[in-house]
Amino acid sequence: MSLSILVVTSQNVLLSGSIIPSPATLVVDKSSGKIIEVRNARLSRANFPELLDEDWLDAGDKWVLPGLVDAHVHLNEPGRTDWEGFWTGTRAAAVGGVTTVIDMPLNSIPPTTTRENLNIKRTAAQEHTHAEAKPGADPKLYSTFLDSRPEQLETDAISLVIALQKKYPLQRCHIVHLSAASALPAIRAAKAAGARLTVETCFHYLVLASSGIPDAQPQYKCCPPIRDAANRDALWDALMDGTIDCVVSDHSPCVAELKRLQDGDIMKAWGGISTLGLGLSLLWTEGRKRGVGIGDIVRWTSEVTARHASVDDRKGAIKVGWDADFVIWDPEAEVKVTKDNLYFKNKLSPYEGLTIYGKVEKTYVRGRIAWDASINGEGLNPEGRLI
Ligand SMILES: [Zn+2]
């Protein structure tokens with residue numbers, strides 16, 4: 001009995017270990033969903049005479065990239081399914097080329113199991129509850145919110161983590177959603193000294209800047225806040241030099257009422273930005289202005305995040321033995337973000353109206369199609385799996 005295979009070929013496949021796409025052909029075993037062969041050439045249909053047409057996918061010069069592994073997503077199900085759920089969340093992910101989401105429960109890392117970790121949690125809690133507007137400040141102004149969350153709070157919390165790590169050097173620590181560039185020197189020094197420290201930042205800190213944020217628009221509110229353009233530049237530099245390891249969405253939606261769109265009260269609004277599925281295009285749009293290549297972007301959003309989530313034995317790369325989780329991507333397509341092309345449950349996003357580059361044409365998860373833009377996903381029955 002012959003294997004049931006899917007063959008994918010393109011002029012531009014981003015293979016594991018490469019920084020730019022190159023011609024390649026992938027052979028996928030449909031029953032296991034694994035890549036079983038990679039050939040470094042764009043083969044023709046004639047090389048596979050017995051293959052059924054439906055099992056042949058020629059992407060032409062479109063790019064074939066590993067699916068993204070978004071290692072920090074709040075799906076809120078069960079419990080707050082009206083904020084986000086598995087169906088809407090994973091659909092939004094597939095539309096944007098994200099093939100693995102790691103749900104972040106709304107609790108803390110490190111777990112609150114020791115007195116030291118409790119102190120970390122307290123510091124983090126201070127950031128959330130002691131941050132108040134100056135008396136008389138207008139709660140609709142973005143600057144009021146920004147002033148209430150100074151960089152120093154973040155820097156202090158990170159310094160505490162680093163100090164504790166010196167005491168317990170075997171303890172692995174991960175800094176979530178880094179926003180303050182002022183914390184980078186301490187992180188750089190700790191890493192240079194060999195600390196088991198990893199750091200993530202989020203798409204919004206790399207794409208948006210406070211000077212471009214309108215007042216009374218709480219869809220831009222997240223904690224810690226989006227800071228100024230110089231801060232954003234420093235985060236990009238830190239990604240390039242490895243001080244920051246990876247980029248995640250921290251997709252953190254809520255219902256419109258809690259986002260306070262009715263009165264624009266940024267101080268009272270839920271802090272969280274909805275990004276799931278937009279990350280690849282956002283990073284590509286901003287990154288290529290800065291001369292950043294797709295290889296780096298995929299490394300930060302797929303390869304490193306897979307390692308962080310301990311699924312790097314099967315996710316985060318296009319290579320033999322790995323799951324056939326990949327994206328057919330048109331890097332030049334221009335897409336305007338509208339409610340119609342947002343697939344998460346509550347369509348509130350700071351990116352609405354923005355034109356971004358790069359479009360996911362198809363997304364495959366373990367060799368099965370999970371999104372096809374040409375049919376708007378109609379009739380597809382993607383099969384997600386818990387990992
Ligand atoms: Zn989060």
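Residues numbered from 1 in each chain as written. Predicted model: local features only at pLDDT ≥ 70, side-chain atom pairs only at ≥ 80, totals over all residues. Heavy atoms only, no water.

- As recorded by an unreviewed UniProt entry, the protein chain carries the name Amidohydrolase-related domain-containing protein and is attributed to Phellinidium pouzarii.
- The annotation that UniProt attaches to the protein chain under Cofactor (unreviewed entry) is "Zn(2+)". (UniProt positions renumbered as here; feature names shortened; annotations may be inferred.)

### Examining the environment of Pro218
Here's step 1: Mapping Pro218 onto the fold places it in the loop between helix H6 (203-207) and helix H7 (229-240).
Here's step 2: Along the sequence, Pro218 and Trp236 sit 18 residues apart, while their C-alpha atoms lie 25 Å from each other. (Helix = DSSP H or I, 4+ residues; strand = E, 2+ residues; numbered from the N terminus.)

### With respect to empty space enclosed by the protein
It is a probe the size of a water molecule, rolled over the atoms, that shows where empty space is left.
Here's step 1: Summed over all chains, the structure comprises 2 cavities of 30 Å³ or more.
Here's step 2: As a volume, the largest cavity reaches approximately 60 Å³.
Here's step 3: Along its surface, the largest cavity is lined by Gln219, Ser252, Pro253, Cys254, Lys259, Trp270, Gly272, Ile273, Ser274, Asn346, Leu348 and Pro350.
Here's step 4: Of the residues in the lining of the largest cavity, the class split is 6 nonpolar, 5 polar and 1 charged.
Here's step 5: Its volume calculated, the second largest cavity comes out at about 50 Å³.
Here's step 6: Contributing to the lining of the second largest cavity are 13 residues, with Leu68, Asp70, Val98, Phe203 and Gly279 lying nearest its centre.
Here's step 7: Elements that contribute at least two residues to the lining of the second largest cavity include exactly strand E6 (68-73) and strand E10 (246-248).
Here's step 8: Counted by class, the lining of the second largest cavity contains 8 nonpolar, 4 polar and 1 charged residues. (1 Å grid on protein atoms, 1.4 Å probe; cavity = no way out; pocket = protein on both sides within 12 Å on 5 of 7 lines; lining within 4 Å. Points joined across faces, edges and corners; volume = space filled by probe spheres on them. Nonpolar A, V, L, I, M, F, W, Y, C, P; charged D, E, K, R; others polar.)

### Details of the environment of Ala183
Here's step 1: Looking at the secondary structure, you find Ala183 in the loop between strand E8 (173-175) and helix H5 (184-192).
Here's step 2: For Ala183 and Lys259, which are 76 residues apart along the polypeptide, the C-alpha to C-alpha distance reads 29 Å.
Here's step 3: Setting aside its immediate chain neighbours within four residues, Ala183 contacts Thr155, Ile158 and Leu178. (Contact = heavy atoms within 4.5 Å.)

### Overview of unusual backbone geometry
In terms of backbone geometry, most residues other than glycine have negative phi values and most peptide bonds are trans.
Here's step 1: A cis amide bond links Glu77 with the next residue in sequence, Pro78, at an omega value of 0°.
Here's step 2: Note that the residue after Cys223, namely Pro224, is joined by a cis bond; omega there is -5°.
Here's step 3: Structurally, Pro224 can be placed in the loop between H6 and H7.
Here's step 4: Look at Asn76: it is not a glycine, yet its phi comes out positive at around 60°.
Here's step 5: Residue position: Asn76 is located in the loop between E6 and helix H1 (86-95).
Here's step 6: Here Asn76 falls in the buried class, since its relative accessible area comes to 14%.
Here's step 7: We note that His177 has phi near 30°; this positive angle belongs to a residue other than glycine. (Buried < 20%, exposed > 50% of the residue type's maximum accessible area, 1.4 Å probe, protein only.)

### Topic: the side chain of Lys315
Here's step 1: Its location among the elements puts Lys315 in the loop between helix H9 (294-308) and strand E11 (326-336).
Here's step 2: Among the residues examined, Lys315 registers a relative accessible area of 4% and is labelled buried.

### Structural notes on the coordination of the zinc ion
Here's step 1: For the zinc ion, the full set of protein donor atoms is His72 (NE2), His74 (NE2) and Asp250 (OD), at a range of 2.1 Å.
Here's step 2: Between the donor residues of the zinc ion, the gaps in sequence give the motif H-x1-H-x175-D. On the criterion of sequence distance, the pair formed by His72 in strand E6 and Asp250 in the loop between E10 and helix H8 (279-289) is long-range, its members being 178 residues apart.
Here's step 3: A residue is classified by how much of its surface remains accessible, and Asp250, at 10% relative accessible area, is buried. (Donors = N, O, S within 2.8 Å, 3.2 Å for Na, K, Ca; no water.)

### Looking at the packing of H8 against H9
Here's step 1: Where H8 contacts H9, the axes come no closer than 10 Å and their chain directions differ by 140°. With respect to H9, the axis of H8 lies oblique. Where H8 crosses over H9, the two elements pack in a sense that is right-handed. Every residue of H9 that contacts H8 at Leu280, Leu283 and Trp284 is listed here: Ile294, Ile297, Trp300 and Thr301.
Here's step 2: Tallied by class, the residues present in the contact of H8 with H9 amount to 6 nonpolar, 1 polar and no charged. (Axes fitted to C-alpha atoms, helices over the stretch in contact; angles between N-to-C directions. Parallel < 35°, antiparallel > 145°, perpendicular 65-115°, else oblique. Left-handed = near helix turned anticlockwise from the far one by under 90°.)

### With respect to helix H4 (residues 151-167)
Here's step 1: If you check H4, its first and last C-alpha atoms are 25 Å apart, about what 17 residues at 1.5 Å a residue would give, namely 24 Å.
Here's step 2: Of all the positions in H4, only Glu154, Thr155, Ala157, Ile158, Val161, Ile162, Leu164 and Gln165 are classed as buried. (Expected span 1.5 Å × (residues − 1).)

### Things to note about the packing of aromatic side chains
Here's step 1: Counted under the stated rule, the structure contains 7 aromatic pairs.
Here's step 2: Arranged with centres 6.1 Å apart and planes meeting at 65°, the rings of Trp236 and Trp300 form a pair that is edge-to-face. Remark: Trp300 occurs in helix H9 and Trp236 occurs in helix H7; sequence separation between them is 64 residues. For the residue pair Trp236 and Trp300, the accessibility class agrees, reading buried in each case.
Here's step 3: Where Phe326 meets Tyr364, the ring centres are 4.8 Å apart and the plane angle is 15°; that geometry is what we call stacked. With Phe326 in strand E11 and Tyr364 in strand E12 (residues 355-365), the pair connects residues that are 38 residues apart, well separated along the chain.
Here's step 4: Above the plane of the ring of Trp83 lies Arg80, whose end atom (NZ or CZ) is 4.6 Å from the centre. (Phe/Tyr/Trp six-rings, centres within 6.5 Å; stacked < 30°, edge-to-face > 60°. Lys NZ or Arg CZ within 6 Å of the ring centre and 35° of its normal.)

### Some thoughts on the nonpolar core
Here's step 1: Formed by 71 residues in total, the largest nonpolar core has its most connected members in Leu178, Leu197, Ile294 and Trp329.
Here's step 2: Not counting the four nearest positions on each side in its chain, Leu178 is found in contact with Glu154, Ile158, Ala183, Leu184, Ile187, Val199, Glu200, Thr201, Tyr205, Leu235 and Ile244.
Here's step 3: Counting 16 residues, the second largest nonpolar core, distinct from the first, contains Val8, Leu26, Leu57 and Ile318. (Core = buried A, V, L, I, M, F, W, Y, C linked by side-chain atoms within 4.5 Å.)

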